[in-house]
Amino acid sequence: MMLRTSASRVLDDNDRDEVLGLLDSDPVANVFVASRVRAVGLNPARLGGQMWGFGPRGGLTSLCYAGANLVPVNAGREAVHAFADRARKQGRRCSSIVGPSAAVELLWERLEPHWGRARAIRWAQPVMATSSAPLVTADPEVRRVRPEEFGTLLPACVAMFTEEVGVSPDNGDGGALYRSRVAELIRIGRSYAHIEDGQVIFKAEIGAVTPQACQIQGVWVDPLYRGRGHAATGMATVVEQALKYFAPIVTLYVNDYNLPARAAYKKVGFREVDTFTSVLF
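These numbers come from a predicted model, not from an experiment.

When you go through the protein chain residue by residue, the secondary structure sums to 9 helices and 12 strands. The C-alpha radius of gyration of the protein chain comes to 19 Å, within 12% of the 19 Å expected for a compact globule of 281 residues. Its C-alpha atoms give the protein chain principal-axis dimensions of about 60 × 35 × 35 Å. Across the 281 residues that make up the protein chain, the buried fraction comes to 51%. Sequence-distant contacts, at least 24 apart, represent 69% of the contacts inside the protein chain between residues at least 6 apart. A total accessible area of about 13,200 Å² is found for the protein chain, and carbon and sulfur atoms account for 51% of it. Across the protein chain, the mean location of the 32 positive side-chain charges is 4 Å away from that of the 29 negative side-chain charges.

Not every positive phi belongs to a glycine, and Asn74 is a case in point at roughly 50 degrees. Overall, the relative accessible area of 52% leaves Asn74 in the exposed class. Phi is positive for Asp197, which is not a glycine, with a value near 50 degrees. Residue Asp197 is classed as exposed on the basis of its relative accessible area, which comes to 84%.

For the rest of this paragraph, the subject is the packing of aromatic side chains. Taken as a whole, this structure holds 8 aromatic pairs when the rule is applied. Each ring, one from Phe161 and one from Tyr178, has its centre 5.2 Å from the other, and the planes form 65 degrees; the classification is edge-to-face. One end of the pair, Phe161, is in helix H6 (residues 150–165); the other, Tyr178, is in helix H7 (residues 176–187), with 17 residues separating them in the sequence. For Phe161, a relative accessible area of 23% corresponds to the partly exposed category. On the basis of relative accessible area, Tyr178 is assigned to the buried category, the value being 17%. Site record: aromatic cluster; members linked through ring pairs are Trp52, Phe54 and Phe83. In this structure, Arg86 packs its charged tip against the face of Trp52, placed 5.8 Å from the ring centre. Its end group placed over the ring of Tyr245, Arg144 keeps NZ or CZ at 4.9 Å from the ring centre.

Before going further, it helps to examine the UniProt feature "domain: N-acetyltransferase" (unreviewed entry) in the protein chain. Per the UniProt annotation, the sites labelled "domain: N-acetyltransferase" (unreviewed entry) are residues 140–281. A distance of 39 Å separates the end C-alpha atoms of residues 140–281, which is 38% helix and 30% strand.

This part covers the packing of helix H1 (residues 16–23) against helix H2 (residues 31–40). Between H1 and H2, the shortest axis-to-axis distance is 10 Å and the interhelical angle comes to 155 degrees. It follows from the interaxial angle that H1 and H2 lie roughly antiparallel. Seen along the crossing, H1 lies across H2 with a hand that is left-handed. From H1, Arg16, Val19, Leu20 and Leu23 reach across to H2, where they touch Val33, Ala34, Val37 and Arg38.

Quick notes on the rules
Residues numbered from 1 in each chain as written. Predicted model: local features only at pLDDT ≥ 70, side-chain atom pairs only at ≥ 80, totals over all residues. Heavy atoms only, no water. Helix = DSSP H or I, 4+ residues; strand = E, 2+ residues; numbered from the N terminus. Rg over C-alpha atoms; globule rule 2.2 N^0.38 Å. Buried < 20%, exposed > 50% of the residue type's maximum accessible area, 1.4 Å probe, protein only. Contact = heavy atoms within 4.5 Å. Areas by Shrake-Rupley, 256 points an atom, 1.4 Å probe, with all protein chains shown as cover. Lys, Arg positive; Asp, Glu negative; His and termini not counted. Charge placed at Lys NZ, Arg CZ, Asp CG, Glu CD. Phe/Tyr/Trp six-rings, centres within 6.5 Å; stacked < 30°, edge-to-face > 60°. Lys NZ or Arg CZ within 6 Å of the ring centre and 35° of its normal. UniProt positions renumbered as here; feature names shortened; annotations may be inferred. Axes fitted to C-alpha atoms, helices over the stretch in contact; angles between N-to-C directions. Parallel < 35°, antiparallel > 145°, perpendicular 65-115°, else oblique. Left-handed = near helix turned anticlockwise from the far one by under 90°.

Structure follows, in structure tokens:
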């Protein structure tokens, strides 16, 4: 039986530099959590959850973001056990567990007996990244979405979310939080789309940004236009914009069974660098 050398603890803004140092050691895997910490710090009220730390003798070797998502960072077996103990005692507050496969699978193994069955589990989600100019011609019609186009973009965002996650973002709060996030990404210039005659053909957002990396999310092509190359050319434009304005590495993760998307991303120049697992509630 492995002896635990340290329990997890809740971190605060005094730990910010050490937390960012740990997150920056793997900027692709940790882009989401790092972007949150850089934006708002570690105060739970601003962070929208807690950041748990783990390490021997007060040091910090592993993290776990416990907010709308439960996200382990650099977490080996001992750290995962400590985070699982805290999550079990706190009760489930997250809508998903997501992160590197080994840590998430072990975390879920510890939590499932207490939290019950998940709605869905995406066991293998390749993490892909590129730092080079796209290998295909960009779509000149893909551009930043304007604030007055929110009503045009929103139905496409809802369709993407429902198709990807399996439930509507309107569940729970009626979609207020989701609409707010869509509007915010438009406002800060991180929402891109190809729109023709008021119809969204392709869309994607840059959802998380750090000085080292940025993460593309919400990639969607209207079903009527699929199979025509819009995903590859649209992503080429978004990658160009991301490398120019946001970060030197562009990353995303995708379901392993989504073969057309994986093929399109590889065509653009993305390569697989890691594997995530997502447990959805």
